[in-house]
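Each chain, letter by letter, is given below.
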Amino acid sequence: MESKLLQKERLTVIEATNKTVMHSYPGMVALITVSHQDQINIMAAGWHTYISYEPPIYGVAIGRERHTYQLMKDAGSFAVNFVPFEKAEWIQQAGVYSGANVDKYQSADIGFIKGSATNSPILKDAYVAYECETIDINTYGDHDWFAAKIILFYRDHDKFLENGLPNFEELAIPLYIGRSLYTKVDKDSKIISLKIEEH
């Protein structure tokens, strides 16, 4: 005879709710960097993705109240940077502090070079970075979606295997869980292969 606990578990189902359920994490957070005239800034962006492989187009959602927002609009370009787990504190600081009040590069001791294509800052500790030229901006609710063509790629080759997958002997990737919490994917993570033949 089943226990009452098992019976209760079998009756539990997903329920509809009128409250917003925001569930896009755990996920990778990109550090968006921008340079315009004499200003540079960096911000953390959780909502971003590849849109097209050929040509390579990337998109990122930016809140219009963000200091970075107007800089990106005026510059017409930006960079997308991904940093290893040991630099997760940069992600947190870049997401909490405003560039209108704090020089986030200086306060967190973030080193960068000027991108050769757009002048956008490329973080020295990034394992992947993209220089992007904005091709379209659309408003969706409380964010604007910046779609941009990737015009130059950066990669730390030691952090990747020959097949293009991350080399987890050399790299731990930070994942943002929410509420200032992070975890990581590394050599100790459980990874399974699920190859399915096409029909």
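Residues numbered from 1 in each chain as written. Predicted model: local features only at pLDDT ≥ 70, side-chain atom pairs only at ≥ 80, totals over all residues. Heavy atoms only, no water.

Naming follows an unreviewed UniProt entry, where the protein appears as Flavin reductase of Mesobacillus subterraneus. Turning to the protein, the UniProt annotation filed under Sequence similarities (unreviewed entry) states: "Belongs to the flavoredoxin family." Regarding the protein, the relevant UniProt record gives this comment under Cofactor (unreviewed entry): "FMN". (UniProt positions renumbered as here; feature names shortened; annotations may be inferred.)

Asks: Could you give me a rundown of the nonpolar core, with the residues and numbers involved?
Replies: Counting 25 residues, the largest nonpolar core has Ile32, Val60, Met72, Phe78, Val80, Phe82 and Tyr130 as the members making the most contacts within it. Of all the secondary-structure elements, those providing two or more residues to this core are β1 (30–36), β2 (39–45), β4 (57–63), α2 (67–75), β5 (77–82), β8 (128–140) and β9 (143–155). When residues no more than four places from it in sequence are discounted, the contact partners of Phe82 are Met28, Val29, Ala30, His48, Tyr58, Ala126, Tyr127, Val128 and Tyr130. (Core = buried A, V, L, I, M, F, W, Y, C linked by side-chain atoms within 4.5 Å. Buried < 20%, exposed > 50% of the residue type's maximum accessible area, 1.4 Å probe, protein only. Helix = DSSP H or I, 4+ residues; strand = E, 2+ residues; numbered from the N terminus. Contact = heavy atoms within 4.5 Å.)

Asks: An account of empty space enclosed by the protein is requested, with residue identities and associated values reported.
Replies: For the structure shown, the criterion picks out one cavity of 30 Å³ or more. Estimated volume of the largest cavity: approximately 30 Å³. In this structure, the largest cavity is lined by Met28, Val29, Phe82, Val83, Ile91, Tyr127, Ile173 and Pro174. Across the lining of the largest cavity, the residue classes break down as eight nonpolar, no polar and no charged. (1 Å grid on protein atoms, 1.4 Å probe; cavity = no way out; pocket = protein on both sides within 12 Å on 5 of 7 lines; lining within 4 Å. Points joined across faces, edges and corners; volume = space filled by probe spheres on them. Nonpolar A, V, L, I, M, F, W, Y, C, P; charged D, E, K, R; others polar.)

Asks: I'd like to hear about the packing of aromatic side chains, residue by residue, with values.
Replies: Across all of its chains, the model carries ten aromatic pairs by this definition. For the pair Tyr50 and Tyr130, a centre-to-centre distance of 5.9 Å together with 80° between the ring planes defines the contact as edge-to-face. On the criterion of sequence distance, the pair formed by Tyr50 in strand β3 (residues 48–52) and Tyr130 in strand β8 is long-range, its members being 80 residues apart. According to the relative accessible area criterion, Tyr50 is partly exposed, its value standing at 32%. When the ring of Tyr105 is compared with that of Phe112, the centres are 4.8 Å apart and the planes differ by 55°; the resulting orientation is tilted. Overall, the relative accessible area of 4% leaves Tyr105 in the buried class. (Phe/Tyr/Trp six-rings, centres within 6.5 Å; stacked < 30°, edge-to-face > 60°.)

Asks: Describe the UniProt feature "domain: Flavin reductase like" (unreviewed entry) in the protein, listing the residues and the values that go with them.
Replies: The residues that UniProt annotates with the feature "domain: Flavin reductase like" (unreviewed entry) are residues 22–162. Counted over residues 22–162, helix gives 16% and strand 45%. Its end C-alpha atoms are 36 Å apart.

Asks: Can you lay out the layout of surface pockets for me, pointing to particular residues and giving the numbers?
Replies: Taken as a whole, the largest pocket encloses approximately 430 Å³ of empty space. Along the wall of the largest pocket there are 21 residues; nearest its centre are Tyr25, Ala44, Gly46, Arg66 and Tyr176. Counting only elements with at least two residues in the lining of the largest pocket, the list comes to β2, β4 and α3 (88–96). The element best represented in the lining of the largest pocket is α3, accounting for four residues. Among the residues forming the lining of the largest pocket, the class breakdown is 13 nonpolar, six polar and two charged. In this structure, the second largest pocket encloses a volume near 150 Å³. Lining of the second largest pocket is provided by Met28, Tyr50, Tyr58, Phe82, Tyr127, Val128, Tyr130, Phe160, Gly164, Pro166 and Ile173. Considering only residue class, the lining of the second largest pocket consists of ten nonpolar, one polar and no charged.

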